[in-house]
Amino acid sequence: MTYPRNFSHIGLSVPDLEAAIKFYSEVMGWYVIMEPSDVVEDDSPIGVMCTDVFGAGWGKFRIAHMATGDRIGIELFEFPNNEQPENNFEFWKTGIFHYAIQDPDIEGMVEKIVAHGGKQRMPIREYYPGEKPYRMVYCEDPFGNLVELYSHSYELTYSEGAY
């Protein structure tokens, strides 16, 4: 039988682990559940697991783990010689291109993101003007990751008759 699985975590690659922890804790309110640590390519269980994922020759990286208010994990990776993509919004390519959070004070969250080095990518828009009071906006964190802000839950935004 198929049933809805819970979302566990998302992994974000960032150029500076400490700066990312500072941003995500001060702006998003997320908290550290595992302090930054080094992971090296060796015969330890984590080293072997990473070789399975990345292939041989990955060398080392730094990692930290944070959590959201609803217990979703944020896995932060800092790889040596990381590169910022030339275009971080290639929406036509398959794969994950943003993550989303919910905050009833969208304007305040946008201000915080911008004040901490991020960007607002568009004006705040209403999904269903005159029908539902639900709003959204795309922003960007200081590390080039796209973040969408919703005023209400995903389920309320898209369900019919549940509002």
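Here the structure is a predicted model, which means the values were calculated and not measured.

## What about the overall build of the protein?
In terms of regular secondary structure, the protein is built from 4 helices and 9 strands. Mapped in sequence order, the helices and strands of the protein form the string β-α-β-α-β-β-β-α-β-β-β-β-α. Residues classed as buried in the protein amount to 34% of the 163 residues present. Sequence separation of at least 24 residues holds for 58% of the intrachain contacts in the protein that already meet a minimum separation of 6. Taken as a whole, the protein presents about 10,400 Å² of accessible surface, with 54% of it coming from carbon and sulfur. Treating the 12 positive side-chain charges of the protein as one cloud and the 26 negative ones as another, the clouds have centres 4 Å apart.

## Some details on the pattern of salt bridges
Within the structure shown, the criterion is met by 8 salt bridges. When the shortest N-O distance is used, the salt bridge between Arg 62 and Glu 18 registers 2.6 Å. Of this pair, Arg 62 sits in strand β3 (residues 60-67) while Glu 18 sits in helix α1 (residues 17-28), placing them 44 residues apart in sequence. Note on Arg 62: relative accessible area 22%, which makes it partly exposed. Residue Glu 18 is classed as partly exposed on the basis of its relative accessible area of 41%. In this structure, Lys 22 engages Glu 26 in a salt bridge whose closest nitrogen and oxygen atoms are separated by 2.7 Å. Here Glu 26 and Lys 22 lie together in helix α1, a separation of 4 residues that amounts to about one turn. The partly exposed category is assigned to Lys 22, whose relative accessible area is 46%. Each member of the salt-bridge network shares a partner with another, and the members are Glu 18, Asp 38, Arg 62 and Glu 78.

## Brief notes about the sheet that holds strand β2 (residues 31-40)
Taken together, the 4 strands give an open sheet; going across it, the order is β1-β4-β3-β2, and neighbouring strands pair in mixed fashion. Across the chains shown, the open sheet's two edge strands, defined by having one partner strand only, are β1 (9-13) and β2. Strand-to-strand twist of the sheet, defined as the mean angle between neighbouring strand axes without regard to direction, takes the value 20°. As judged from the 6 bridges shared by β3 and strand β4 (residues 73-78), these two strands associate in the antiparallel manner. When the bridges of β4 are listed, Arg 62 appears paired with Glu 78. α1 contacts β1, β2, β3 and β4 of the sheet and is inclined by roughly 10° relative to β3.

## Focus on unusual backbone geometry
The backbone of Arg 71 sits at a positive phi, close to 70°, despite the residue not being glycine. Relative to the helices and strands, Arg 71 resides in the loop between β3 and β4. Its identity is not glycine, yet Asn 81 carries a phi of approximately 55°, on the positive side. A relative accessible area of 74% means that Asn 81 is categorised as exposed.

The rules behind these values
Residues numbered from 1 in each chain as written. Predicted model: local features only at pLDDT ≥ 70, side-chain atom pairs only at ≥ 80, totals over all residues. Heavy atoms only, no water. Helix = DSSP H or I, 4+ residues; strand = E, 2+ residues; numbered from the N terminus. Buried < 20%, exposed > 50% of the residue type's maximum accessible area, 1.4 Å probe, protein only. Contact = heavy atoms within 4.5 Å. Areas by Shrake-Rupley, 256 points an atom, 1.4 Å probe, with all protein chains shown as cover. Lys, Arg positive; Asp, Glu negative; His and termini not counted. Charge placed at Lys NZ, Arg CZ, Asp CG, Glu CD. Salt bridge = Lys/Arg side-chain N within 4 Å of Asp/Glu carboxyl O. Pairing = 2+ DSSP bridges. Axes fitted to C-alpha atoms, helices over the stretch in contact; angles between N-to-C directions.

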